Amino acid sequence: MFKRVPGTRDILPDQIKQWQKIEQVSRRVFSLYNYLEIRPPLIEESSLYQRSLGDATEIVQKQMFLIQKGEDSYALRPEGTASIVRAYIENNLDKTGNLFKSYYMGPMFRMERPQKGRYRQFHHIGCEVIGSRSPELDVEIIALADQLLCSYPVKGYSIVINSLGCADDKKRLTAQLREKLQNSLSDLCDDCKVRFEQNVLRILDCKNEKCKEIVQKLEMRDGHLCDPCRGHFETVKAGLASLNVKFEVSSNLVRGLDYYTGTVFEIKHDNLGPQQDALGAGGRYDNLVSELGGPQTGAIGFAFGVERLILASESPLTDAEPEKLVYLISLGDTAKKQGVIVLNTLRNAGIPADTDYEGKSLKGAMRKANDLKAPFTLILGDNELQKNTIVVKNMGNGEQKEISMTDLVKYLSA
Ligand code: AMP
């Protein structure tokens, strides 16, 4: 028997309502903010990720699903931002003169050690805005994330924000951090010893207990920020406060990808399993568009992990009442043929309908109609066929009526 690939999941029909609900609510909220959907491909040249996320990041070093075809190397997308920036530049969307406000949803792929809340194929719902450095846009994006969570609804999360500052500030932050960590180097975990050389900022969000303890004592503060970046961050904080969006500032929040600059944020929740607490994350990446060959322009985005939204939601995120099906029972071969036409007529009239294809007895078919909670069961036999009628049984009160076939749609619609 074949098994699914470790770290992937089957989303079965009885689980799909939750997913559809999250997607539907997200589309509605994104449209309130004037974001339009974008669907980039699931594979890109792997060099796109090396260039944008950075060679020293865990994703690029260890987690990409690579496909080698002759000279060409492709990767299944580990995240959405790089593809969307690539699409923005390749399709000349900077020339439209409009701010590019996009959202996306779909699978991402990372070679991780699978566990609760951590998969190798998981799903993002996210958004990217390209074309503005305005701090009010940072406020909009974080408020949008907050509104999405309230709308799903997910409760008990916290929004943590920080500013990495511009490229020079980030260099200063890296140097300060190296200096502060120098004396604790031998106490860091093996991964962080490598990070110290290659990607020192990543040490700040290491999950190892000993590293967390060292990091907590660092007292990073915001000494790395230049005046304009400090001003930008102050405006963002004041803007969020004016909207009553609750947030905490943590100078230990860094986001490990190379492309992040300026405001970064993470949304944390306690219900996600022992090894992770992030429901979603994002930030500014004001240098990425130009680094990938586009114009020098500001950009910001975030992504939620859908599996984690589902884990964090206290009650199932389903619609209260699914639409009810009418169930048709055709007795005998001729009635079965006519039944196909009846079903087709109902469905074309917008009435959800189904029938038995497994050769059930009348009793078995009735039981099925009950299981489906059908409000009406239709019974079609030779008798009815001859008179061009059909028996309609109201499953609520047990009443049966024989009505003319031509009146059926009108009767059920009423
Ligand atoms: P990231 O791009 O790593 O910041 O991911 C954004 C969000 O996607 C995270 O906050 C998680 O909710 C989710 N996520 C990231 N990696 C995984 C994974 N391997 N499995 C499930 N969800 C993930």
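Residues numbered from 1 in each chain as written. Predicted model: local features only at pLDDT ≥ 70, side-chain atom pairs only at ≥ 80, totals over all residues. Heavy atoms only, no water.

Another point: the overall build of the protein. The secondary structure content of the protein amounts to 15 helices and 16 strands. In terms of overall dimensions, the protein is more spread out than a globule: its C-alpha atoms have a radius of gyration of 28 Å, far above the 22 Å expected for 414 residues. When its C-alpha atoms are laid out on the principal axes, the protein stretches across 90 × 50 × 45 Å. The contacts of the protein with a sequence gap of at least 6 include a subset with a gap of at least 24, amounting to 70%. By element, 48% of the accessible surface of the protein is carried by carbon and sulfur atoms, the whole surface being about 21200 Å². (Helix = DSSP H or I, 4+ residues; strand = E, 2+ residues; numbered from the N terminus. Rg over C-alpha atoms; globule rule 2.2 N^0.38 Å. Contact = heavy atoms within 4.5 Å. Areas by Shrake-Rupley, 256 points an atom, 1.4 Å probe, with all protein chains shown as cover.)

So, about helix H1 (residues 16-32). Taking 1.5 Å as the rise per residue, H1 with 17 residues should run 24 Å; its terminal C-alpha atoms sit 25 Å apart, in good agreement. Taken together, the buried positions of H1 are occupied by Gln18, Trp19, Ile22, Val25, Ser26, Val29 and Phe30. Taken around the axis of H1, the buried residues stretch over an arc of 135°, which confines them to a single face. Along its buried surface, H1 packs onto strand E5 (100-109), strand E6 (121-130), helix H5 (135-151) and helix H11 (306-312). (Expected span 1.5 Å × (residues − 1). Buried < 20%, exposed > 50% of the residue type's maximum accessible area, 1.4 Å probe, protein only. Arc of directions from axis to C-beta.)

A separate point is the packing of aromatic side chains. To describe a pair of aromatic rings, one takes the distance between the centres and the angle between the planes. Applying the stated criterion across every chain yields a total of 10 aromatic pairs. Taking the centre distance of 6.5 Å and the plane angle of 75° together, the rings of Tyr33 and Tyr35 count as edge-to-face. One exposure class covers both Tyr33 and Tyr35, and it is buried. Ring plane angle 65° and centroid distance 6.1 Å describe the contact between Phe265 and Phe302, whose orientation is recorded as edge-to-face. (Phe/Tyr/Trp six-rings, centres within 6.5 Å; stacked < 30°, edge-to-face > 60°.)

Attention now moves to the domain arrangement of the protein. Each domain of the protein was delimited in the assignment, giving domain 1 (13-157 + 256-312), domain 2 (169-216) and domain 3 (326-413). For domain 1 versus domain 2, the separation of C-alpha centres amounts to 25 Å. Domain 1 puts 11 residues into the contact, and the matching count from domain 2 is seven residues. Buried area between domain 1 and domain 2, both sides added, is near 740 Å², and the carbon and sulfur share of it is 33%. Broken down residue by residue, the surface that domain 1 buries against domain 2 is led by Ala56, Glu58 and Gly256, which jointly contribute 51%. For the pair domain 1 and domain 2, the number of links is one salt bridge. Between Glu58 and Arg195 there is a salt bridge, with its nearest N and O atoms 2.5 Å apart. The interface formed by domain 1 and domain 2 includes four residue pairs in polar contact (both at pLDDT 80 or more). (Domains from an automatic or database assignment. Buried area = accessible area lost by both parts, 1.4 Å probe. Salt bridge = Lys/Arg side-chain N within 4 Å of Asp/Glu carboxyl O. Polar contact = N/O pair within 3.5 Å; in protein donor to acceptor, adjacent residues only side chain to side chain.)

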